[in-house]
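Results of the structural survey
This is what each chain is made of:
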Amino acid sequence: MYSVCTLIEKIIIAVRIVLKICYYKIKYGKRISFGKNIKFRKRFIINISKDGFVKIGDNCFFNNDCSINAHKEIVIGNNNLFGENVKIYDHNHIFNDKNIDMKKNFIERKIFIGDNNWFGSNCIILSKANIESYNVFSPNTCINEKIDSGNIVSYDIKLIKKKINYK
C-alpha cells in the first residue's frame, strides 16, 4: 500500500510541475525558457516584466518558496540546486533620489548563474550577480557581485549602517 501511495504522490508532483511550466510558457511566451528535467516544490514563483527574460537550464531544482523576479534578464545554467526561500531579483529600487517615486523606478542589471551551483536556504541573488560554476553558497548569503568558479561563499553576519547620500 505504501508504494502505491508513494507512486501516486510522485505522479501528482510531476503533473503539477508540468502544468506550472505550461502556465508560465502561456503567460510569458518567448520571455521564458525552460531546460529539461526542471523540478520545484511548493510556492515556486516567476515574475517577468514586459521587457524581462528568464532562462533556466537543464536539471535545476528549486525548493519550497523560491522566486525569480526579472525586469531585465536572468540566465540560470544547468544542474543548479536552490534551497528553500531563495530569491532572485535583477532589479533594485532607486532610493537615493527624493524627486522620484521609488516604487516605480528601478535599476536593472542582468543576472548570470553558471552550472552546478548550490544555494543554501534564504540566499538572495541581486542585480549585478555574475556567478560562475561549481560554487556553494551558505544559507542567508546575499550575492550581488562576480563570483569565480569553485568557491564556498558565506555571509559574515554583522549589522552595517550607512547614511543615505541623497541627490
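Use the structure listed above.
Now for a quick tour of the structure. (Residues numbered from 1 in each chain as written. Predicted model: local features only at pLDDT ≥ 70, side-chain atom pairs only at ≥ 80, totals over all residues. Heavy atoms only, no water.)

1. Description of the side chain of Ser-67
- Within the secondary structure, Ser-67 sits in strand β6 (residues 67-70).
- A relative accessible area of 7% places Ser-67 in the buried class. (Helix = DSSP H or I, 4+ residues; strand = E, 2+ residues; numbered from the N terminus. Buried < 20%, exposed > 50% of the residue type's maximum accessible area, 1.4 Å probe, protein only.)

2. What about the sheet that holds strand β18 (residues 146-147)?
- If you trace the 6 strands from one edge of the open sheet to the other, you get β1-β4-β7-β12-β15-β18, paired in parallel fashion. Since the sheet does not close on itself, it has two edges, and those belong to β1 (32-34) and β18, each with one partner.
- Relative to strand β4 (residues 53-56), β1 is paired through 3 bridges, and the arrangement is parallel. Bridge assignment links Ile-32 to a residue of β4, and that residue is Val-54. (Pairing = 2+ DSSP bridges.)

3. Side note on the pairing of strand β3 (residues 45-48)
- Because side chains alternate across β3, one face comprises the buried residues Ile-46 and Ile-48, and the other comprises Ile-45 and Asn-47, none of which is buried.
- Pairing analysis gives 4 bridges linking β3 to β6, with the strands arranged parallel. Each bridged residue has a counterpart across the sheet, and for Ile-46 the counterpart in β6 is Ile-68.

4. Points about the environment of Ser-33
- Assignment of secondary structure puts Ser-33 in strand β1.
- Exposure remark for Ser-33: the relative accessible area of 26% places this residue in the partly exposed category.
- Remark: the alpha-carbon pair of Ser-33 and His-71, spanning 38 residues in sequence, is separated by 15 Å.
- Not counting chain neighbours up to four residues away, the residues in contact with Ser-33 comprise Phe-53, Val-54, Lys-55 and Ile-56. (Contact = heavy atoms within 4.5 Å.)

5. Some remarks on the pattern of salt bridges
- In the structure shown here, the tally under the stated rule is 4 salt bridges.
- Ionic pairing is found between Asp-51 and Lys-50, a salt bridge with its closest N-O pair at 3.8 Å. The same class applies to Asp-51 and to Lys-50, which are both exposed.
- Across the pair Glu-132 and Lys-146 runs a salt bridge whose closest N-O atoms are separated by 2.5 Å. Residue Glu-132 is located in the loop between β15 (130-131) and β16 (136-137), and its partner Lys-146 is located in strand β18; the two are separated by 14 residues in the primary sequence.
- Taking the relative accessible area as the measure of exposure, Glu-132 reaches 27% and is therefore partly exposed.
- Ionic contacts of the salt-bridge type, sharing partners, join the residues Glu-132, Lys-146 and Asp-148 into one network. (Salt bridge = Lys/Arg side-chain N within 4 Å of Asp/Glu carboxyl O.)

6. As for a nonpolar patch on the surface
- Judged by side-chain polarity, Leu-7, Ile-11, Val-15 and Leu-19 come together as a nonpolar surface patch covering roughly 390 Å² of accessible area.
- Considering the arrangement of structural elements, one finds Val-15 in helix α1 (residues 2-28).
- Val-15 sits in the partly exposed class, given a relative accessible area of 44%. (Patch = residues over 30% accessible without salt bridge, like charges linked within 9 Å, V, L, I, M, F, W, Y side chains within 5 Å. Areas by Shrake-Rupley, 256 points an atom, 1.4 Å probe, with all protein chains shown as cover.)

7. A look at the sheet that holds strand β13 (residues 118-119)
- Across the sheet, which stays open at both edges, the 6 strands sit in the order β2-β5-β8-β13-β16-β19 with parallel pairing between neighbours. The two strands at the open ends of the sheet, each matched to only one other strand, are β2 (39-40) and β19 (152-153).
- Direction of pairing for β2 relative to strand β5 (residues 61-62): parallel, over a ladder of 2 bridges. If you follow Phe-40 over to β5, its bridge partner there is Phe-62.

8. Looking at the packing of aromatic side chains
- Summed over all chains, the structure comprises 7 aromatic pairs.
- Ring geometry for Tyr-23 versus Tyr-24: centroids 5.3 Å apart, planes at 55 degrees, classification tilted.
- Relative accessible area serves as the criterion here: at 45%, Tyr-23 is assigned to the partly exposed category.
- For Tyr-24, a relative accessible area of 4% gives the class buried.
- Here the aromatic rings of Phe-62 and Phe-82 are separated by 4.5 Å at their centres, their planes lie at 5 degrees, and the arrangement is stacked. With a gap of 20 residues between them, Phe-62 in strand β5 and Phe-82 in strand β8 (residues 81-82) connect regions that are remote in the sequence. Here Phe-62 and Phe-82 have matching classes, each one buried.
- What links up through ring pairs into an aromatic cluster is the set Phe-40, Phe-44, Phe-62, Phe-82, Phe-119 and Phe-137. (Phe/Tyr/Trp six-rings, centres within 6.5 Å; stacked < 30°, edge-to-face > 60°.)

Take it as geometry only, folks, not as evidence of what the structure does.
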